[in-house]
Amino acid sequence: MTGLASYREPPEPAFLFDLDGTLIDSVYQHVIAWRHALSRLDIDLSVWRIHRRIGMSGGLFVSALMRETGLTLSDADIELLQQAHAEEYVKQADSVRPLPGAADLLADLSARGVPWMIATSGRAATARLALPLLGLSDDTFMVTRDMVRHAKPDPDLFLAAAAQLGVDPGDAMVVGDSVWDLLAARRAGSIGIGLMSGGYGREELERAGAYRVYSDPADLLARADELGVRDLARRPHGSR
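First things first, this report covers the structure right here in the doc. (Residues numbered from 1 in each chain as written. Predicted model: local features only at pLDDT ≥ 70, side-chain atom pairs only at ≥ 80, totals over all residues. Heavy atoms only, no water.)

### Description of empty space enclosed by the protein
If a probe the size of a water molecule is rolled over the atoms, the empty space left behind becomes visible. Tallied over the entire structure, the rule returns two cavities of 30 Å³ or more. If you add up the space inside the largest cavity, you get close to 40 Å³. For the lining of the largest cavity, the class distribution of residues is four nonpolar, three polar and one charged. Taken as a whole, the second largest cavity encloses approximately 30 Å³ of empty space. (1 Å grid on protein atoms, 1.4 Å probe; cavity = no way out; pocket = protein on both sides within 12 Å on 5 of 7 lines; lining within 4 Å. Points joined across faces, edges and corners; volume = space filled by probe spheres on them. Nonpolar A, V, L, I, M, F, W, Y, C, P; charged D, E, K, R; others polar.)

Here it is, written out as structure tokens:
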């Protein structure tokens, strides 16, 4: 036999991005927002315990809180906590910045014709504040907590994003900064890519199932050929 073998061409890989800690540097603003929200109910919880739960939905965060502290909260208290968190986060939104390379990565994927979408466990009211930071228009579609039954570590967000793109989840790569992202990726049947820009270490992300781990979006962009995406534009760091 000579020449190329006959086979079905594989689809272009699609990318499903988490938001906080993956594209924007907002994890610690969320941590402080949760701490202030908890203080409204006179609940004192160590910052490190809060950080370990960032990336989960607010409801699951509160459930974990009650389990770890032994507290019992009413439905009204739980709703108050989630509203207070959103209010406290908005107060800090001006201090949030895009992570290095995030805007370049999204723009270069678009220019290359690679499908991508943001899927976040944040609600639209806070998540959409990130769009201008990433060089995206206000009407850019993203999947948020408001749109699915369950947030991470359930796979709903990424399944919904894949459906919106019209791709099979098995042909998608989920890029996230937490173990909750990677667990959701595995449950969705997608390849998980870890970023250390949210505070989790390489070993934790790899143990959670990350196929590759990068420092931040800029590092992923520089090594995108490792993920099967060739010919992405190369720009000097910070050029956008």
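### With respect to the pairing of strand 7 (residues 210–214)
Alignment of strand 6 (residues 191–195) against strand 7, held across four bridges, turns out to be parallel. Bridge pairing in strand 7 links Ile-193 to Arg-212. Regarding topology, helix 9 (residues 202–207) serves as the crossover connection from strand 6 to the parallel strand 7, and that connection is right-handed. (Pairing = 2+ DSSP bridges. Helix = DSSP H or I, 4+ residues; strand = E, 2+ residues; numbered from the N terminus. Right-handed = clockwise from strand over helix to strand, strands pointing away.)

### Points about the sheet that holds strand 5 (residues 172–176)
Across the sheet, five strands lie side by side as 4-1-5-6-7; this open sheet has parallel pairing. Here the strands that pair on one side only, and so sit at the sheet edges, are strand 4 (116–118) and strand 7. The average angle at which neighbouring strand axes cross in this sheet is 20°, direction not considered. With respect to the sheet, helix 5 (residues 102–112) is in contact with strand 1 (14–17) and strand 4, its orientation differing from that of strand 1 by roughly 155°. Taken strand by strand, helix 8 (residues 179–188) contacts strand 5, strand 6 and strand 7, and its axis lies near 170° from that of strand 6. (Axes fitted to C-alpha atoms, helices over the stretch in contact; angles between N-to-C directions. Contact = heavy atoms within 4.5 Å.)

### Side note on the pairing of strand 6
Of all five residues that make up strand 6, four are buried, and the element is covered over most of its length. Relative to strand 6, strand 5 runs parallel, the two being bridged by four bridges. From the neighbouring strand, Val-175 faces strand 6, where its bridge partner is Ile-193. In this fold, strand 5 hands off to helix 8, which returns the chain to strand 6; that crossover is right-handed. (Buried < 20%, exposed > 50% of the residue type's maximum accessible area, 1.4 Å probe, protein only.)

### Brief notes about the nonpolar core
Generally speaking, nonpolar side chains in soluble globular proteins are found buried as a group. If you look at the biggest cluster of nonpolar residues, it comprises 32 residues, and the most contacted ones within it are Phe-15, Phe-17, Leu-109, Ile-118 and Leu-134. Where this core is concerned, the elements lending two or more residues are strand 1, helix 5, strand 4, strand 5, strand 6 and helix 10 (217–222). The biggest single contributor to this core is helix 5, with four residues. With near-sequence residues (within four places) excluded, Leu-109 lies in contact with Phe-15, Phe-17, Val-114, Trp-116, Val-229 and Leu-232. (Core = buried A, V, L, I, M, F, W, Y, C linked by side-chain atoms within 4.5 Å.)

### Considering the side chain of Asp-156
Among the structural elements, Asp-156 can be located in helix 7 (residues 156–165). No salt bridge is formed by the buried Asp-156. Its closest oppositely charged neighbour is Arg-149, at 5.7 Å. (Lys, Arg positive; Asp, Glu negative; His and termini not counted. Salt bridge = Lys/Arg side-chain N within 4 Å of Asp/Glu carboxyl O.)

### Quick look at the packing of aromatic side chains
According to the stated counting rule, one finds two aromatic pairs in the structure shown. Between Phe-15 and Phe-17, the ring centres sit 6.0 Å apart and the planes meet at 15°, which makes this aromatic pair stacked. Taken individually, Phe-15 and Phe-17 each receive the classification buried, so the pair is uniform in this respect. For the ring pair Phe-17 and Trp-116, a centre distance of 6.5 Å and an interplane angle of 75° mean the geometry is edge-to-face. Of this pair, Phe-17 sits in strand 1 while Trp-116 sits in strand 4, and the two are 99 residues apart along the sequence. On the basis of relative accessible area, Phe-17 is assigned to the buried category, the value being 0%. Taken together, the ring pairs in this structure connect Phe-15, Phe-17 and Trp-116 into an aromatic cluster. One cation-aromatic arrangement involves Arg-212 over Tyr-211; the distance from NZ or CZ to the ring centre is 4.4 Å. (Phe/Tyr/Trp six-rings, centres within 6.5 Å; stacked < 30°, edge-to-face > 60°. Lys NZ or Arg CZ within 6 Å of the ring centre and 35° of its normal.)

Such coordinate-based values are descriptive only and should not be taken to indicate function.
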